[in-house]
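Close look at the chain arrangement
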Amino acid sequence: MGRLNDKVAIITGAGSGIGKETAILFAKNNAKLVVTDINTDMLNEVVASIEEFAGKSISIKSDITKEDDVQKIVDVAVKEYGGIDILINSAGVSARNAAPENAPETDVWNNVLDVNLNGTYLMSRFAVPVMKQGGGSIINLSSIIGLVGYPTGLNAGAFNPYPPSKGAVVQLTKNMAVELAPYKIRVNCICPGFLKTNLTKAYWTDKEKLKFLEDRHPMGRLGDPIEVAFTCLYLASDESSYVTGIALPVDGGYTAQ
Ligand SMILES: NC(=O)c1ccc[n+]([C@@H]2O[C@H](COP(=O)([O-])OP(=O)(O)OC[C@H]3O[C@@H](n4cnc5c(N)ncnc54)[C@H](O)[C@@H]3O)[C@@H](O)[C@H]2O)c1
């Protein structure tokens, strides 16, 4: 059985952080998984972790900014499992890791928007026609930084593309939720606070920055990706059957201040 009871789930960015923890948690809850990431080595590790407890998943390397790759992910889910019930859009980049060092500012801007916003849009655009057949749940990973600016003191830069990319995901979520409600497709996004993952490694491996960020979360600590994975599980399962169009902070109280 499990809380997902044989539902078919696609998870992007499944090689690391939130996507990885969500893939493992969903496999433990009997989802039929298609896990995808641009990084094959990390993807293989996730598949191995899932196989350790006899869970099942199909893995496929992809760059979610490429239409052909996105089409392939959807085709695999349909061919192998006959449909799609759940889409978790977790693949994402920050301005720090979106482009090689010293890349022109415009390239960084475009790459962040391309993965965080356009990739989320493309995955949904290709999955929705399939999901319309039976309904389902789409969960986008926005951020507290999609709701408010970076904290002063982090020197993230006035033209940092990450906040607008995540703010746009909130609006994409709300508009899709309204338009797709008649098809029984629920669309929600999660706005995590700062978590300890590869994405934020530059922050939490630096003692001063870690302390600075811990102090900005009322709970006094950074989050763990599993705490967001459990939120994905709730929003993906039928337990949240009347929930659509929300931007849910999972942030140790950050945005309550
Ligand atoms: N970690 C945090 O503090 C935090 C906070 C708020 C929101 N988020 C958001 O949550 C999501 C997951 O973050 P995370 O911390 O797990 O990050 P992560 O870096 O640990 O994992 C992201 C994964 O996305 C993959 N990816 C990047 N570009 C891709 C592409 N073009 N195609 C396919 N895969 C690609 C990476 O290879 C990586 O495995 C992101 O959208 C991020 O912006 C993270």
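All values reported here derive from a predicted model rather than from experimental measurement.

What counts as what
Residues numbered from 1 in each chain as written. Predicted model: local features only at pLDDT ≥ 70, side-chain atom pairs only at ≥ 80, totals over all residues. Heavy atoms only, no water. Helix = DSSP H or I, 4+ residues; strand = E, 2+ residues; numbered from the N terminus. Buried < 20%, exposed > 50% of the residue type's maximum accessible area, 1.4 Å probe, protein only. Areas by Shrake-Rupley, 256 points an atom, 1.4 Å probe, with all protein chains shown as cover. Expected span 1.5 Å × (residues − 1). Arc of directions from axis to C-beta. Polar contact = N/O pair within 3.5 Å; in protein donor to acceptor, adjacent residues only side chain to side chain.

Turning to the overall build of the chain, a few remarks are in order. Of regular secondary structure, the chain possesses 8 helices and 7 strands. With respect to the three principal axes, the spread of C-alpha positions in the chain is 50 × 40 × 35 Å. With 257 residues in all, the chain has 51% of them scored as buried. Within the structure as shown, the chain displays about 12000 Å² of accessible surface, and the carbon and sulfur contribution to it stands at 51%.

Our next topic: unusual backbone geometry. A positive phi angle, close to 70 degrees, is found at aspartate 6, a residue other than glycine. Take aspartate 6: it is sitting in the segment before β1 (8-12). On the accessibility criterion, aspartate 6 (46% relative accessible area) is partly exposed. In the Ramachandran plot, asparagine 155 falls in the positive-phi region, its phi being about 55 degrees despite a non-glycine side chain.

Let us now look at helix α2 (residues 40-52). The end-to-end C-alpha separation of α2 is 18 Å, in line with the 18 Å expected for 13 residues at 1.5 Å each. Within α2, the full set of buried residues consists of Leu43, Val46, Val47 and Ile50. All buried residues of α2 fall inside an arc of 100 degrees around its axis, so they share one side. Residues of α2 that are exposed and angled more than 90 degrees away from the buried face: Asp41 and Glu52. Capping the start of α2 is the job of one residue whose side-chain oxygen sits 3.1 Å from the backbone nitrogen of aspartate 41: asparagine 39. Directly after α2, the chain includes alanine 54, whose backbone phi takes a positive value near 65 degrees.

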